[in-house]
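A structural walkthrough
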Amino acid sequence: MLASGQSLRVGLLDADVYGPSIPKMMNLSGEPELTKQNQMRPLVNFGMPCMSMGFLVEEGAPIVWRGLMVMSAVEKLLRQVAWGELDVLVIDMPPGTGDTQLSISQQIPISGAVIVTTPQDIALLDARRGAEMFRKVHVPVLGLIQNMSHYVCPKCQHKAYIFGQDGARNVAKEMDMELLGDIPLHIDIRETADSGKPIVVSQPDCLQSKAYKTIASRILEKLPL
């Protein structure tokens, strides 16, 4: 990510304790090393330091924890990681408005939250709840991202709105938020994520990557860097 022509030091924290996906998507595995101060060193790929509960448990092992254990794990991921100097720490939270979101919003100052949703009505209900939760705990909501917004047939170029059209755009308008951008439903996004080669790295000049980069730029404009 770039701001004013300068590279930013960005870290990625996977706060989805029950379903960590960052290790697979970033092609990372293994246990973090410990510093002399008994802090965990993030694993690094593509120049980005990452930390996830997926590094601390066996792959495929279910995490059957109650709320207090989840909050303890989140606190460890927040407090016991040697991130070094970062300009931005991106925290990938699980869906919903549960213990993880509340714990993080109460333990550290958050510059802003971004709500990611698909356009169908069922998903938009959760998006509304998420936005309202962050507002109640005084976390600025920077905007909404509409994921899987449309599908373009590779043969005839017909654009199909499989999950509905402009659902997130309408919610953003109702709730006085900005729609930060649309991410299409595209097989390359799925394949590169599954293979651990993010599309913005493996295909940086494709239309899908440009959509991600445009959204990132809009988010950075809203952050007090």
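Now for a look at the structure at hand. Predicted model, so just to flag it, every value in this text is computed and none were measured.

**What to know about the overall build of the protein chain**
The helix and strand tally for the protein chain stands at eight helices and 11 strands. Reported as C-alpha extents along the three principal axes, the dimensions of the protein chain are approximately 55 × 40 × 40 Å. Buried residues in the protein chain amount to 39% of all 225 residues. For the protein chain, long-range pairs separated by at least 24 residues make up 68% of all intrachain contacts whose partners lie at least 6 apart in sequence. Looking at the protein chain as shown, the accessible area adds up to about 13,200 Å², and 52% of this sits on carbon and sulfur atoms. Put simply, the protein chain has 21 plus and 24 minus side-chain charges, and the middle of one group is 2 Å from the middle of the other.

**Description of the sheet that holds strand 5 (residues 48–52)**
One open sheet holds the four strands; their spatial order is 4-5-3-6, and the pairing between them is mixed. The sheet is open, and its two borders are formed by strand 4 (43–45) and strand 6 (88–92), each paired with just one other strand. Within this sheet the neighbouring strands show an average axis-to-axis angle of 25°, counted without direction. Where strand 3 (residues 10–14) meets strand 6, five bridges bridge the pair, whose relative direction is parallel. In the strand pairing of strand 6, Leu13 is matched with Ile91. Across the face of the sheet, helix 2 (residues 67–79) comes into contact with strand 3, strand 5 and strand 6 while running at roughly 165° to strand 3.

**Brief notes about the pattern of salt bridges**
Scanning the entire structure with this criterion turns up nine salt bridges. A salt bridge links Arg128 to Glu174, with the nearest nitrogen and oxygen atoms 3.0 Å apart. In this pair, Arg128 sits in helix 4 (residues 121–136) while Glu174 sits in helix 5 (residues 167–174), placing the two residues 46 residues apart along the sequence. For Arg128, a relative accessible area of 28% puts it in the partly exposed group. Close ionic contact of Glu191 with Arg190 constitutes a salt bridge, the shortest N to O distance being 3.9 Å.

**Some points on the pairing of strand 11 (residues 179–183)**
Within strand 11, four of the five residues are buried, leaving the element largely enclosed by the surrounding structure. Here strand 8 (residues 141–147) pairs with strand 11 via four bridges, running parallel. Along strand 11, the bridge assignment pairs Gln146 with Asp182.

**Focus on the nonpolar core**
The biggest cluster of nonpolar side chains holds 23 residues, and the ones touching the most others in it are Cys50 and Met51. Element by element, the count of residues in this core is highest for helix 2, at five residues. What Cys50 contacts, discounting residues up to four positions off in sequence, is Leu12, Ile22, Met26, Leu28, Pro42, Leu43, Phe55 and Trp83. Formed by 16 residues, the second largest nonpolar core is a distinct cluster that contains Phe134, Val141, Ala172 and Met177.

Reading the values: rules and limits
Residues numbered from 1 in each chain as written. Predicted model: local features only at pLDDT ≥ 70, side-chain atom pairs only at ≥ 80, totals over all residues. Heavy atoms only, no water. Helix = DSSP H or I, 4+ residues; strand = E, 2+ residues; numbered from the N terminus. Buried < 20%, exposed > 50% of the residue type's maximum accessible area, 1.4 Å probe, protein only. Contact = heavy atoms within 4.5 Å. Areas by Shrake-Rupley, 256 points an atom, 1.4 Å probe, with all protein chains shown as cover. Lys, Arg positive; Asp, Glu negative; His and termini not counted. Charge placed at Lys NZ, Arg CZ, Asp CG, Glu CD. Pairing = 2+ DSSP bridges. Axes fitted to C-alpha atoms, helices over the stretch in contact; angles between N-to-C directions. Salt bridge = Lys/Arg side-chain N within 4 Å of Asp/Glu carboxyl O. Core = buried A, V, L, I, M, F, W, Y, C linked by side-chain atoms within 4.5 Å.

Worth remembering: the numbers are spatial, not functional.
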